[in-house]
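Listed below, chain by chain, are the residues.
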Amino acid sequence: MDREKGLKELYAWPVEEEMIPFYFCTDDLTGIESMDQCRHTLEQHNWNIEAAVQDRLNEQEGVPSVFNPPPSRPLQVNTADHRIYSYVVSRPQPRALNDAKRELRFLLVYLHGDDHQDSDEFCRNTLCAPEVISLINTRMLFWACSTNKPEGYRVSQALRENTYPFLAMIMLKDRRMTVVGRLEGLIQPDDLINQLTFIMDANQTYLVSERLEREERNQTQVLRQQQDEAYLASLRADQEKERKKREERERKRRKEEEVQQQKLAEERRRRNLQEEKERKLECLPPEPSPDDPESVKIIFKLPNDSRVERRFHFSQSLTVIHDFLFSLKESPEKFQIEANFPRRVLPCIPSEEWPNPPTLQEAGLSHTEVLFVQDLTDE
C-alpha cells in the first residue's frame, strides 16, 4: 500500500521534463541520491518514470532488473558448427529473422531459463545431442539466448512462453515471419527430432511456394531490368545519334560562318586595296611634258603582257614609280620592278638596305627605259 501510495503521489505532481530526474532522485521509494545515476536509469527506460520506478522497486525486492541482470552462467552449446555458435553468441534476434527470411529457411529459437530445473539437462542431453546438432545444421537456422539477457527478455515478451525449456519454430508464411511450432518442457532428442521434422514437413509447402513466387518475382524483375536496360541502350543510341546530328549541324554552321567571314574579310581587303590605289593615284606628282630634258620615259611590261607608259622626272624617287604601278587596276597587289641592263631589282620600297629609295637618276635610269613588273602576290 505504501508503495502504491508513493507512486500515486509522485505522478500527481505536474512536473516539467527537465525536473523528472530531480523528482526521481528525491522520491523516498527509489533511494537513489545521485542525479547522474537517476538520469542514467531514466534514459535506460526511455524516460518512462513509471517503468523506471517499477524496475527500481523490483530490484529492492530482489527481482532482477531487465537492464542490470545478475551474473548468470553462460549458455553452453557444445557444437563446432560456426553458424549455430555465431547466432547464439553474437547475432541479435532481428538479424536471425532477416537471415531466415532472406534464405527462406526455418529458424529455431531457444529461450534459456537459467533458473529452471530442466534447463541444464536439456542443453546437455538434448540440444547438444549429435543427431539434434546434425538436424539443426542441415535444415534450419538456430538462435538462442537467456531470458535474463535484454535480448532474450524482449523475445520472451513477444513469444509468451509458459515454461522451460522453450523452443519456437519460425518461418516466412504468407509474407510474414510466423511461429509455426512451439515446444515447451523437457524433451528427449528423438522426440525433439520427430517433432521438429513434423513441423518442417507440415510447413514445407509454404517455403516451396514462397521460393517459386520469389523466383517468379526475380525473373520478372530480371526481365524488367533487361527491358529497362534495352530501353536505356536504345535511348542512349538515339541520344548519340542526335548528338552527332547536332555536332554535324554545328560543324556545318561553323563552316558556313567561316566561309561567310572569309568572304567578308576578302571584300574588306579588296575595298581597302581599292581605296589605297585611289589614294596613291591622287598623291602622284604631275607627269612631266615630253620636251622636258629632265624627264624619263618608262615603258612598263606587266605580268599579263600588257604595256603601260608614263614619264617621270629624274629627281623623283623610285617610290613614285612603285606608287604609279600600284594605282593601276591591272597591276598585281604585290610586285617588284626589274631592269634588264644590267639586270637588277630596283629598290622602290624602303627597306633595311635602302631606308630611303634612290631617285631615278641615282638608280642609273636613262631617258628611255623598259622595266618589267614581277608579280609577287603568291609568294
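Remember, it's a predicted structure, so these values are computed and weren't measured experimentally. (Residues numbered from 1 in each chain as written. Predicted model: local features only at pLDDT ≥ 70, side-chain atom pairs only at ≥ 80, totals over all residues. Heavy atoms only, no water.)

Next up on the list: the pattern of salt bridges. Counting across every chain of the model gives 24 salt bridges. Its salt-bridge partner being Glu-242, residue Arg-249 comes within 3.4 Å of it at the nearest N-O pair. The exposure class assigned to Arg-249 is partly exposed, which follows from its relative accessible area of 47%. In this structure Glu-242 comes out as partly exposed when scored by relative accessible area, which is 32%. A salt bridge links Arg-253 to Glu-257; the nearest nitrogen and oxygen atoms lie 2.7 Å apart. Of this pair, Arg-253 and Glu-257 are both found in helix α10 (residues 189-283), 4 residues apart, which corresponds to roughly one turn of the helix. Salt bridges here are not isolated pairs; linked through shared partners, they connect Arg-95, Asp-99, Arg-102, Glu-103 and Arg-105. (Salt bridge = Lys/Arg side-chain N within 4 Å of Asp/Glu carboxyl O. Buried < 20%, exposed > 50% of the residue type's maximum accessible area, 1.4 Å probe, protein only. Helix = DSSP H or I, 4+ residues; strand = E, 2+ residues; numbered from the N terminus.)

Right, let's get into the packing of aromatic side chains. In the structure shown here, the tally under the stated rule is 4 aromatic pairs. When the ring of Tyr-110 is compared with that of Phe-122, the centres are 5.3 Å apart and the planes differ by 35°; the resulting orientation is tilted. Taken together, the positions of Tyr-110 in strand β1 (residues 106-112) and Phe-122 in helix α7 (residues 119-127) put the pair 12 residues apart, joining distant regions of the chain. Each member of the pair Tyr-110 and Phe-122 is classed as buried. Here the aromatic rings of Phe-300 and Phe-312 are separated by 6.2 Å at their centres, their planes lie at 85°, and the arrangement is edge-to-face. Within this pair, whereas Phe-300 is found in strand β5 (residues 295-301), its partner Phe-312 is found in strand β6 (residues 307-313), the two being separated by 12 residues in sequence. With respect to burial, Phe-300 and Phe-312 carry one shared label: buried. Through pairs of rings, three or more aromatic residues link up here, namely Phe-300, Phe-312 and Phe-324. Between Lys-277 and the ring centre of Phe-326, over which it is positioned, the NZ or CZ distance is 4.8 Å. Cation over ring: Arg-310 sits above Phe-312, and NZ or CZ is 4.9 Å from the ring centre. (Phe/Tyr/Trp six-rings, centres within 6.5 Å; stacked < 30°, edge-to-face > 60°. Lys NZ or Arg CZ within 6 Å of the ring centre and 35° of its normal.)

Once that is clear, we can look at the sheet that holds strand β8 (residues 344-345). With mixed pairing, the 5 strands of this open sheet are ordered in space as β6-β5-β9-β7-β8. The open sheet is flanked by β6 and β8, the only strands paired with a single partner. Across 5 bridges, β5 lies against strand β9 (residues 368-375) in parallel orientation. Residue pairing across strands places Phe-300 opposite Leu-371, the latter belonging to β9. Sitting on the sheet, helix α11 (residues 318-327) touches β5, β6, β7 (335-339) and β9, and the angle it makes with β7 is about 125°. (Pairing = 2+ DSSP bridges. Contact = heavy atoms within 4.5 Å. Axes fitted to C-alpha atoms, helices over the stretch in contact; angles between N-to-C directions.)

Once that is clear, we can look at the environment of Lys-149. Relative to the assigned elements, Lys-149 resides in the loop between β2 (140-146) and α9 (150-159). Lys-149 gets classed as partly exposed once you look at its relative accessible area, which sits at 41%. C-alpha separation for the pair Lys-149 and His-112, spaced 37 residues apart in sequence, amounts to 9.8 Å.

Okay, the side chain of Glu-338 next. Note that Glu-338 resides in strand β7. Residue Glu-338 is classed as buried on the basis of its relative accessible area of 10%. Within polar-contact distance, the side chain of Glu-338 engages the side chain of Arg-343 at 3.2 Å. (Polar contact = N/O pair within 3.5 Å; in protein donor to acceptor, adjacent residues only side chain to side chain.)

Burial runs high along β2: 7 of the 7 residues are buried. Pairing between β1 and β2: 7 bridges, direction parallel. Each bridged residue has a counterpart across the sheet, and for Tyr-110 the counterpart in β2 is Ala-144.

So, on to the nonpolar core. The nonpolar side chains of a soluble globular protein tend to be buried, and buried together. Ile-298, Phe-300, Ile-321, Leu-325 and Leu-360 are the most contacted members of the largest nonpolar core, which totals 26 residues. Of all the secondary-structure elements, those providing two or more residues to this core are β5, β6, α11, β7 and β9. Here the element with the most residues in this core is α11; it accounts for 6 residues. Not counting chain neighbours up to four residues away, the residues in contact with Ile-298 comprise Val-308, Glu-309, Arg-310, Phe-312, Ile-321, Leu-360, Leu-365, Glu-369 and Leu-371. Membership of the second largest hydrophobic core comes to 24 residues, among which are Tyr-110, Leu-127, Met-171 and Leu-183. (Core = buried A, V, L, I, M, F, W, Y, C linked by side-chain atoms within 4.5 Å.)

Below, the discussion takes up a nonpolar patch on the surface. A contiguous nonpolar patch, built from Tyr-231, Leu-232 and Leu-235 and spanning about 290 Å² of accessible area, is present on the exposed surface. Positionally, Leu-235 belongs in helix α10. (Patch = residues over 30% accessible without salt bridge, like charges linked within 9 Å, V, L, I, M, F, W, Y side chains within 5 Å. Areas by Shrake-Rupley, 256 points an atom, 1.4 Å probe, with all protein chains shown as cover.)

A few words on the packing of α10 against α11. To describe two helices that pack against each other, one gives the angle between their axes and the distance between the axes. Viewed as axis vectors pointing N to C, α10 and α11 meet at an angle of 135°, and their least axial separation amounts to 8 Å. Regarding the angle of α10 to α11, the classification is oblique. Considering how the two elements wind past one another, α10 and α11 form a crossing that is left-handed. Judged by residue contacts, Leu-273, Glu-276, Lys-277, Lys-280 and Leu-281 of α10 engage Asp-323, Phe-326 and Ser-327 from α11. For the contact of α10 with α11, the per-class residue count stands at 3 nonpolar, 1 polar and 4 charged. (Parallel < 35°, antiparallel > 145°, perpendicular 65-115°, else oblique. Left-handed = near helix turned anticlockwise from the far one by under 90°. Nonpolar A, V, L, I, M, F, W, Y, C, P; charged D, E, K, R; others polar.)

With that out of the way, let us pick up the state of the cysteines. The full count for this structure, using the stated rule, is 0 disulfides. There is no disulfide at Cys-128, and the cysteine sulfur nearest it, in Cys-123, is 6.4 Å away. (Disulfide = S-S within 2.5 Å.)

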